[in-house]
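Close look at the chain arrangement
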Amino acid sequence: MEKTFIMVKPDGVQRGLIGEIVSRFEKKGYQLVSAKLMAVSKELAEQHYAEHKERPFFGELVDFITSSPVFAMVWEGTNVIATARQMMGKTNPTEALPGTIRGDYGVSVGMNIIHGSDSPESAEREIALWFGDEELLSYEKTV
Ligand code: CMP
């Protein structure tokens, strides 16, 4: 079953949106595989955003994500990678449609509440970067 990495960024955590975001993924029918509230080291932030290393906003990105805790998650389900991106909305919240997470709660492209893997390759890389194998839980619905 497909898995993706989803992170509530510092602005989402501080604005009390963890529950709302988890709820949207639960109600959609996806299964939570792992989750943790954590401080992000500079090393982890730089590795996570390595593809943006040459962008002018790279320093800003790393500073922001290390400034305050994030809520890192792995979600599992059919087409979860692409569908999570649709649920999140466009990267720039001013372009994200109402009804999407960024459209409803985002403020700016830097403070856009949430990150989600953009491809199967990114999902595999990001899950391995943020979680150990032993943290990824597999369970059947019995209720
Ligand atoms: P995210 O999905 O976490 O992946 C890369 C992030 O870079 C993106 O969300 C935005 O928050 C951020 N980003 C993209 N463009 C800009 C920009 N022009 N200025 C600042 N941050 C940006």
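Residues numbered from 1 in each chain as written. Predicted model: local features only at pLDDT ≥ 70, side-chain atom pairs only at ≥ 80, totals over all residues. Heavy atoms only, no water.

Brief notes about the side chain of Lys9
With respect to the helices and strands, Lys9 occurs in the loop between strand 1 (3-8) and helix 1 (10-14). Lacking a salt bridge, the buried Lys9 has Asp11 as its closest oppositely charged neighbour, with an N-O distance of 6.6 Å. Reaching out from Lys9, the side chain makes a polar contact with the side chain of Asn112 at a distance of 2.7 Å. Each residue touching Lys9, except ones within four places of it in the same chain, is listed here: Tyr49, Phe64, Ile65, Val70, Asn112, Ile113, Ile114 and His115. (Helix = DSSP H or I, 4+ residues; strand = E, 2+ residues; numbered from the N terminus. Buried < 20%, exposed > 50% of the residue type's maximum accessible area, 1.4 Å probe, protein only. Lys, Arg positive; Asp, Glu negative; His and termini not counted. Salt bridge = Lys/Arg side-chain N within 4 Å of Asp/Glu carboxyl O. Polar contact = N/O pair within 3.5 Å; in protein donor to acceptor, adjacent residues only side chain to side chain. Contact = heavy atoms within 4.5 Å.)

Some points on the site of the ligand
All residues in the neighbourhood of the ligand are listed as Lys9, Tyr49, His52, Phe57, Glu60, Leu61, Thr91, Arg102, Val109, Gly110, Asn112 and His115. Asn112 places a side-chain nitrogen or oxygen 3.3 Å from an oxygen atom of the ligand. Residue His115 places a side-chain N or O atom 3.1 Å away from an oxygen atom belonging to the ligand. Out of a free accessible area of 450 Å², the ligand has 80% covered by protein chains. When its residues are assigned to classes, the shell around the ligand shows four nonpolar, five polar and three charged. (Near = heavy atom within 4 Å. Areas by Shrake-Rupley, 256 points an atom, 1.4 Å probe, with all protein chains shown as cover. Nonpolar A, V, L, I, M, F, W, Y, C, P; charged D, E, K, R; others polar.)

Quick word on the UniProt feature "binding site: ATP" (unreviewed entry) in the chain
The feature "binding site: ATP" (unreviewed entry), as given by UniProt, occupies Lys9, Phe57, Arg85, Thr91, Arg102 and Asn112 in the numbering adopted here. Here, the largest pocket is lined by Lys9, Phe57, Arg85, Thr91, Arg102 and Asn112 out of the annotated residues. When its relative accessible area of 5% is taken as the criterion, Lys9 is described as buried. Note that Asn112 resides in the loop between helix 6 (101-105) and strand 4 (114-116). (UniProt positions renumbered as here; feature names shortened; annotations may be inferred. 1 Å grid on protein atoms, 1.4 Å probe; cavity = no way out; pocket = protein on both sides within 12 Å on 5 of 7 lines; lining within 4 Å.)

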